[in-house]
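Chain by chain, the residues:
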Amino acid sequence: RRSAGAREPLLYVVDSGRHRVVAYSADGRPRFAFGRRGSGAGCLHDPRGVAVHGGTVWVADMCNHRVALFTAEGAPAGAFGRHGSGPGRMQYPAGVAVSRSLLLVSEYVGGRLHVLSLRGDALQLLTPPPAA
C-alpha cells in the first residue's frame, strides 16, 4: 500500500513483542520502525492490529486500551479511546480496519466491534449475543 508522501510503497507490520510497528519496502527490507513500550505519545503497549489510509497509520494499542495514530513516516499523531465498556471505551482492542470513512476496531476481550469516525468519534458499538 502506498502511503501519502512516501517515495515507495510500504507494508506496516506490528511487532507486538517489541511494542512497535515496522515499515517494510515492497522487496521486504525493513525501512524504519516506530513506537516503544509505554503509554505516552508515540508509545505502544502490546500493539496488535494496524491499518493505513490517507497517510495515517492506526494501531490497535491493546494494553493501553486505545487506538494510537501515527503519520506514514512514524511520527505520533494522537490517540483515542480508553478502558471501559461504553461507546469509545475499549477492552483490549486487537484489530483495526478502515472502510470508506469509518474506522472499525475489534476487541480481544468481549468480542465487541467499535464503529468510529476517522477522527475517533464513537458512532456505533456492536455487541455479540450472549453465549448459549
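See the structure above.
The notes below deal with the structure included here. (Residues numbered from 1 in each chain as written. Predicted model: local features only at pLDDT ≥ 70, side-chain atom pairs only at ≥ 80, totals over all residues. Heavy atoms only, no water.)

### Structural notes on the packing of aromatic side chains
Under the convention used in this document: The rule is short: rings of Phe, Tyr and Trp, with Trp giving its six-membered ring, pair when the centres are within 6.5 Å, and they are stacked under 30 degrees, edge-to-face over 60, tilted in between. Numbering of helices and strands runs from the N terminus; a helix is a DSSP stretch of H or I covering at least four residues, while a strand is a stretch of E covering at least two. Exposure categories follow from relative accessible area, calculated using a 1.4 Å probe and restricted to protein chains: below 20% of the type maximum is buried, above 50% is exposed, and the middle band is partly exposed.
Enumeration over the complete set of coordinates arrives at three aromatic pairs. With centroids separated by 6.3 Å and ring planes inclined at 65°, the aromatic side chains of Y12 and F34 adopt a geometry described as edge-to-face. Of this pair, Y12 sits in strand β1 (residues 10–15) while F34 is found in strand β3 (residues 30–34), placing the two residues 22 residues apart along the sequence. Under the relative-accessibility criterion, Y12 is labelled buried at 7%. When the ring of F34 is compared with that of F70, the centres are 4.8 Å apart and the planes differ by 50°; the resulting orientation is tilted. One end of the pair, F34, is in strand β3; the other, F70, is in strand β6 (residues 66–71), with 36 residues separating them in the sequence. The pair F34 / F70 is uniform in exposure class, with both members buried.

### Comments concerning the nonpolar core
Let me state the cut-off plainly: Residues belong to one nonpolar core when they are buried, are Ala, Val, Leu, Ile, Met, Phe, Trp, Tyr or Cys, and are joined through side-chain atoms within 4.5 Å.
Y12, V21, F34, L44, V57, V59 and F70 are the most contacted members of the largest nonpolar core, which has 13 residues in total. For this core, the secondary-structure elements that each account for two or more residues are β1, β2 (20–25), β5 (56–61) and β6. A51, F80, V96 and L116 belong to the second largest nonpolar core, which has eleven residues in total.

The values reported here are purely geometric and, on their own, carry no functional implication.
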